[in-house]
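The lines below spell out each chain.
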Amino acid sequence: KRVKDSLGGTVNDVVLSVVAGGLRRLLKGRGERTDELELRAMVPVSVRADHDKGALGNQVASIWAPLPVHEADPVRRVHQVSENMQHLKSSGQAVGAQLLTTLGEWAPPTILAQAARLVARQRAFNLVVTNVPGPQFPLYTLGKQMLEVYPVLPLSDNTTIGVALLSYNGTIGFGLLADYDAASDLGVLAEGIEKSIAELVAAI
């Protein structure tokens, strides 16, 4: 929140920028070039209108967010992510994605089955990043306080890495999951995210 208040944008913009920083360190650790490299993250976003607040049910769609892995400067990375996300939200991409999720209400089963196969084989994004707001007060079980929460995001076909965040009682827990055969160095990503956060805090 301090980074967001200092640099502008949203908390989610900061989250995506530090994930991009972590990915940069992961790829560099593998000896891969990151010049001009931009990865895409599938990011669930709320498309609930103001007049629907309080209504039951989820109103969530997905957008493909570009992650500027090429950008070495952490502050510029936040600004780039913020500009990209603002453009995507104003472009109607999320609303269009929400419309696609409602097609099942009238689509014949054959067409729906073919669409499901296409989704499973997708190459539209490189990883999934989801940030879910949780309770901002302590929870207890049998008198014992839950101190930390680390969510787990299941991996679908063609998805190597998933990053899930859950805020709880003033903190955010990062849950990272990866296909071991493709990303056994997931710890490098975790360390890279921590360093990216530290860089941003030091920069403000």
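All of these numbers come straight from a predicted model, not from anything done at the bench.

Next up on the list: the confidence of the model for the protein chain. Put simply, the protein chain has an average pLDDT of 83, and 76% of its residues get 70 or more. Every residue in residues 95–101 is under pLDDT 50, and counting partners more than four places away or in other chains gives 6 contacts.

Let us now look at the pattern of salt bridges. Inspection of every chain in the model, using the stated rule, returns 6 salt bridges. Between Glu-199 and Arg-25 there is a salt bridge whose closest N-O contact spans 2.6 Å. Within this pair, whereas Glu-199 is found in helix α6 (residues 186–203), its partner Arg-25 is found in helix α2 (residues 11–29), the two being separated by 174 residues in sequence. Lys-195 is paired through a salt bridge with Glu-191; the nearest N and O atoms lie 3.1 Å apart. Of this pair, Lys-195 and Glu-191 both sit in helix α6, 4 residues apart, which is roughly one turn of the helix.

Remark: α2 packs on α6, axes separated minimally by 7 Å, with the N-to-C direction vectors making an angle of 125 degrees. The angle between the axes of α2 and α6 places the two elements in the oblique class. In the crossing of α2 with α6, the sense of the turn from one axis to the other is right-handed. Each of Val-14, Ser-17, Val-18, Val-19, Gly-21, Gly-22, Leu-23, Arg-25 and Leu-26 in α2 lies in contact with α6, whose residues at this interface are Val-188, Leu-189, Gly-192, Ile-193, Lys-195, Ser-196, Ile-197, Glu-199 and Leu-200.

What counts, and at which threshold
- Residues numbered from 1 in each chain as written.
- Predicted model: local features only at pLDDT ≥ 70, side-chain atom pairs only at ≥ 80, totals over all residues.
- Heavy atoms only, no water.
- pLDDT = per-residue confidence, 0-100.
- Contact = heavy atoms within 4.5 Å.
- Salt bridge = Lys/Arg side-chain N within 4 Å of Asp/Glu carboxyl O.
- Helix = DSSP H or I, 4+ residues; strand = E, 2+ residues; numbered from the N terminus.
- Axes fitted to C-alpha atoms, helices over the stretch in contact; angles between N-to-C directions.
- Parallel < 35°, antiparallel > 145°, perpendicular 65-115°, else oblique.
- Left-handed = near helix turned anticlockwise from the far one by under 90°.

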